[in-house]
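# Working through the structure, step by step
Spelled out, the chains give:
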Amino acid sequence: MFFGAWRKYRDGVPLAGIEALALDVILEHPEYHAVLDDQSRYRDKDYTDETNPFLHMSLHLALEEQLSIDQPPGIRSRWQALLTRFGDRHAALHEAIECLAETVWRSQRDGLPPDAAAYLSCLERRGRT
């Protein structure tokens, strides 16, 4: 999806649905543009020893979706505290993504649903620290 959105953007083709949000995330991450320009090299790459740009951008998308629907309930208010603390939307997003990534990791590790209360607590701590 990221490759397709980037290709459409570069070719001047209209984006549909989530592609527009994906493009916003891509444009915030110029360090990944070269990766998106070379699908044959990076589509199946193993990112074991380095940051996976697709995971990172997917976490951005997931967080944007959560904020748009306030799910889990209360995430918007915690987000606002992060935004106030950092004063920069992208920096605040990265702080929130740390909490989201930890929540997903714990869920997978423990074989349990994501713990919304722990996630919101993490966001709250980062918003006031």
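Anything mentioned here points back to the structure above.
Calculation notes
- Residues numbered from 1 in each chain as written.
- Predicted model: local features only at pLDDT ≥ 70, side-chain atom pairs only at ≥ 80, totals over all residues.
- Heavy atoms only, no water.
- Helix = DSSP H or I, 4+ residues; strand = E, 2+ residues; numbered from the N terminus.
- Buried < 20%, exposed > 50% of the residue type's maximum accessible area, 1.4 Å probe, protein only.
- Contact = heavy atoms within 4.5 Å.
- Disulfide = S-S within 2.5 Å.
- Expected span 1.5 Å × (residues − 1).
- Arc of directions from axis to C-beta.

Before going further, it helps to examine the overall build of the protein chain. Helix and strand counts for the protein chain come out as eight helices and zero strands. Going residue by residue from the N terminus, the α and β elements of the protein chain occur as α-α-α-α-α-α-α-α. Projecting the C-alpha coordinates of the protein chain onto the three principal axes gives extents of approximately 40 × 30 × 25 Å. By the burial criterion, 36% of the 129 residues in the protein chain qualify as buried. Restricting to contacts in the protein chain with at least 6 residues of sequence separation, those with at least 24 account for 57%.

With that settled, consider helix α1 (residues 2–11). What α1 keeps buried is the set F2, F3, G4, A5 and W6. Directly beyond the C-terminal end of α1, a positive phi value near 75° is found at G12.

What follows covers the state of the cysteines. According to the stated counting rule, one finds one disulfide in the structure shown. Covalent S-S linkage joins C99 and C122, the inter-sulfur distance amounting to 2.2 Å. One quick way to see it: the torsion about the S-S bond of C99 and C122 is about -75°, and its sign makes the bridge left-handed. Here C122 lies in helix α8 (residues 116–128) and C99 lies in helix α7 (residues 89–110), a separation of 23 residues in the sequence. C99 gets classed as buried once you look at its relative accessible area, which sits at 0%. On the basis of relative accessibility, which here comes to 6%, the residue C122 falls in the buried class.

This brings us to helix α6 (residues 75–86). Look at α6: 16 Å from first C-alpha to last across twelve residues, which is about the 16 Å you get at 1.5 Å a residue. Along α6, the positions that sit buried rather than exposed are I75, W79 and L82. For α6, the angular spread of the buried residues around the axis is 60°, confining them to a single face. Buried residues belonging to α6 abut α5 (53–69), α7 and α8.

Moving on to the environment of E95. Tracing the chain through its elements places E95 in helix α7. Leaving out residues up to four positions away in the same chain, E95 has contacts with L82, F86 and R126.

The subject of this paragraph is unusual backbone geometry. With an omega of 5°, the peptide bond between Q71 and P72 qualifies as cis. Examined against the element boundaries, P72 turns out to sit in the loop between α5 and α6. Within the chain, D70 stands out as a residue other than glycine whose phi angle is a positive 50°. Within the secondary structure layout, D70 lies in the loop between α5 and α6.

Keep in mind these values describe shape, not function.
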